[in-house]
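Chain by chain, the residues:
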Amino acid sequence: MTKVDLSGAAQFFDAAGPDFAAAAEAHRLLAQRSGPGGDFTGWLDLPQKMLSGGIKPILSAAQKIKKLGQVLLVVGIGGSYLGARAAIELLHGANHNRAEGETEVWFMGNTLSPDAINELIAVLGERDFCVNVISKSGGTLEPALGFRVAKALLERKYGRTAAKKHMFVTTDESHGILRSIADAEGYESFVIPADVGGRFSVLTPVGLLPMAVAGIDIKAVLEAANAELHELDLRSPDNPAWQYAAARQHLYRRGKSIEILASYEPSFRFFAEWWKQLYGESEGKNGIGIYPASVEYNADLHSMGQYIQDGPRTLFETVVMFDSCLTGYSVPFEMGDADGLNYLAGRDFGDIARTTAQAVRSAHIAGGVPNITVSVPRRDEAGYGALVAFFEMSCAISAYMSGVNPFDQPGVEAYKKNMFAMLKGEN
Ligand code: PA5
């Protein structure tokens, strides 16, 4: 379903072009689970597993949560929140929490800012709510403190015993403090499979439970991801994941060390955040790695556009396009044509946006910015599921091509170690 168009990058390739033999070898390592971090490749068959039974308890918990409150507070950070937020914003729009009658989903535990915590408590007000605390390790400070806050709020409102049925925990099956607390308190809990790392976990209960509460059809998401993973098993340069992975590694070797992920949909912003974590943590190690950045067009054409067009030529651009918009809106006709825009009257905004995108693409290519276009048919559950599977698959292949383990994050551990030592007054 996902298509990759490299025609805007081809003129920046050398005569040999992207190394598809290396992509084939990376794909082989991944599929045989024999590369570095091979124990963390459970995401490859996750959609299939979830579809054969795994989503039932998630759907029934989502129903309970909707009955118990108007708000769900999701406590998590990194891979334990970005995918769900990406889905909810992409599919319901940037104003997703304003839909009449829907359970609102808000995110906490991803900051230590007291102002942000107080703001969220004010948003919650006197309304009934549930909490879904998500942490694979169970020991990450930001969500652990967020959990304390959320638990205290629940217990203050409902009392210690009744609060328990408002708390839903998603964590490892047997390891970590959060698992021990969930079992001791008797909270309803969900398992993050041991062979799926945080940033690859969106299609486990980590992402699926908040999505289901928000009214997203998680079965459709999983079916699309499953179909995409099957399509991406193709062992040929026609495989879109090989094309994307091999093109970006080739561009990196030719001095393009920054990749900007762009979209013309404002609702794509958190998908780009999810993508940045996926690629940044998977590839940025051992002193190498493409720096993943993101922009939101058209808005950023008037802020970052200058830099992209004219700054250092170390960038390439990956633009995610949706083939058709979900709705239409025509430019109104105005008597007198005071602003001189009647030549656009009656034209659909989607049509104008597509023309703008073509103009931007050719200007950027002419300015020395290679363009990769990734497209799916629509901004819906199927599009989201396909994009998740596509970017996960391409990421693992790309990381193996560059010779790193896509599934560890030693740099994140380094900051955690320092922070805990300083907070305990040990240095
Ligand atoms: O990809 C990863 O594993 C990390 O970025 C985690 O998602 C992040 O650190 C949160 O960890 P946890 O879910 O253990 O709280």
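This one's a predicted model, so the numbers in the text were calculated from it and none came from an experiment. (Residues numbered from 1 in each chain as written. Predicted model: local features only at pLDDT ≥ 70, side-chain atom pairs only at ≥ 80, totals over all residues. Heavy atoms only, no water.)

(A) Quick peek at the side chain of glutamate 185. You can see glutamate 185 is positioned in helix H8 (residues 177-185). Residue classification places glutamate 185 among the buried residues on the basis of a relative accessible area of 16%. A polar atom in the side chain of glutamate 185 sits 2.6 Å from the side chain of lysine 164. Residue contacts for glutamate 185: discarding those within four places in its chain leaves Arg160 and Lys164. (Helix = DSSP H or I, 4+ residues; strand = E, 2+ residues; numbered from the N terminus. Buried < 20%, exposed > 50% of the residue type's maximum accessible area, 1.4 Å probe, protein only. Polar contact = N/O pair within 3.5 Å; in protein donor to acceptor, adjacent residues only side chain to side chain. Contact = heavy atoms within 4.5 Å.)

(B) Quick peek at empty space enclosed by the protein. Counting across every chain of the model gives one cavity of 30 Å³ or more. One number sums up the size of the largest cavity: a volume of about 70 Å³. Taken together, Ile88, His92, His96, Asn97, Arg98, Ala99, Glu102, Thr103, Glu104, Val105 and Ala214 form the lining of the largest cavity. At the level of elements, helix H4 (82-92) and strand S3 (104-108) are the ones that each hand at least two residues to the lining of the largest cavity. Residues that form the lining of the largest cavity fall into these classes: four nonpolar, four polar and three charged. (1 Å grid on protein atoms, 1.4 Å probe; cavity = no way out; pocket = protein on both sides within 12 Å on 5 of 7 lines; lining within 4 Å. Points joined across faces, edges and corners; volume = space filled by probe spheres on them. Nonpolar A, V, L, I, M, F, W, Y, C, P; charged D, E, K, R; others polar.)

(C) Examining the layout of surface pockets more closely. Volume-wise, the largest pocket comes out at about 630 Å³. Taken together, 26 residues form the lining of the largest pocket, with Tyr264, Glu265, Cys325, Gly350 and Ala353 sitting closest to its centre. Every element with two or more residues in the lining of the largest pocket is listed here: strand S9 (315-322) and helix H14 (349-366).

(D) The arrangement of the sheet that holds strand S2 (residues 71-75) in detail. In space, the five strands of this open sheet follow the order S3-S2-S4-S5-S6, with parallel pairing throughout. If you trace the sheet from one side to the other, it starts and ends with S3 and strand S6 (188-192), each paired once. When strand polarity is set aside, the average angle formed by the axes of neighbouring strands in this sheet is 20°. Looking at chain direction, S2 and strand S4 (residues 129-135) are connected through five bridges and run parallel. Paired with leucine 73 across the bridge in S4 is valine 131. Sitting on the sheet, H8 is in contact with S4, strand S5 (167-172) and S6, with an inclination near 140° to S5. (Pairing = 2+ DSSP bridges. Axes fitted to C-alpha atoms, helices over the stretch in contact; angles between N-to-C directions.)

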